[in-house]
Each structure stands twice: as structure tokens, then as C-alpha cells.
Amino acid sequence: KDIQYIESYYYNKLELNRFDSNVGKYVGYTAAGVRQAEIWNKDTSIIAGRKAQREAYCLNNVGIDYQTA
């Protein structure tokens, strides 16, 4: 449960928005990012896909990272 999947979007070195698996939705950090996050959060298929990324990517690879340490 301590594994976190984050997908961030940047423009000109400024973070616009981010999906955080601990929050479970997109969060915007600029005016444009907030608007885009609201659009993405309304689409349940996008949110379900991002939540599935944590399962598919993070949980499958966490054993690899701990083996090399």
C-alpha cells in the first residue's frame, strides 16, 4: 500500500497537473491544469485506467527494485 503511481504533465518546466494514485484523481496546479484535471476526472474510464497503471506497472516491478538493493 505504500507504492504510489504518479503521472505528471509539465509545460515550460511548470507542472500543470498530476495523477496521484493515493489521491485517486487528477489535481491541477495552474488555471489550465485545473480545467484539464476536471475534464479528465469526469471520465471514469481515464481514472480507472490510471488506477490500473499502479497495479500493472508498480506492483509488478517493485520486486525487481528490492532485489537489486
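All values reported here derive from a predicted model rather than from experimental measurement.

**Q** Help me understand the packing of aromatic side chains, please; the structure alone is not making it clear to me.
**A** For any pair of aromatic rings, the description rests on two quantities: the centre-to-centre distance and the angle between the ring planes. Scanning the model with the defined rule gives 4 aromatic pairs in all. Ring centres 6.5 Å apart and planes at 55 degrees place the aromatic pair Tyr5 and Phe19 in the tilted group. Separated by 14 residues along the polypeptide, Tyr5 in the segment before β1 (6-11) and Phe19 in strand β2 (residues 14-20) bring together distant segments of the chain. Each member of the pair, Tyr5 together with Phe19, is buried. Measuring from centroid to centroid gives 4.7 Å for Tyr26 and Trp40, while their planes differ by 50 degrees, and the two rings are tilted. Within this pair, whereas Tyr26 is found in strand β3 (residues 25-28), its partner Trp40 is found in helix α1 (residues 31-42), the two being separated by 14 residues in sequence. Three or more aromatic residues joined by ring pairs form one cluster here, namely Tyr5, Tyr9, Phe19, Tyr26 and Trp40.

**Q** Got a minute to help me understand the pattern of salt bridges in this structure?
**A** Going through the model one piece at a time under the given rule, you end up with 2 salt bridges. Notably, a salt bridge pairs Glu7 with Arg50, separated by 3.1 Å at the nearest N-O pair. Of this pair, Glu7 sits in strand β1 while Arg50 is found in helix α2 (residues 44-68), placing the two residues 43 residues apart along the sequence. Arg18 is paired through a salt bridge with Glu15; the nearest N and O atoms lie 2.9 Å apart. Classification of Arg18 as partly exposed rests on a relative accessible area of 22%. What makes Glu15 buried here is its relative accessible area of 15%.

Cut-offs used in this document
Residues numbered from 1 in each chain as written. Predicted model: local features only at pLDDT ≥ 70, side-chain atom pairs only at ≥ 80, totals over all residues. Heavy atoms only, no water. Phe/Tyr/Trp six-rings, centres within 6.5 Å; stacked < 30°, edge-to-face > 60°. Helix = DSSP H or I, 4+ residues; strand = E, 2+ residues; numbered from the N terminus. Buried < 20%, exposed > 50% of the residue type's maximum accessible area, 1.4 Å probe, protein only. Salt bridge = Lys/Arg side-chain N within 4 Å of Asp/Glu carboxyl O.

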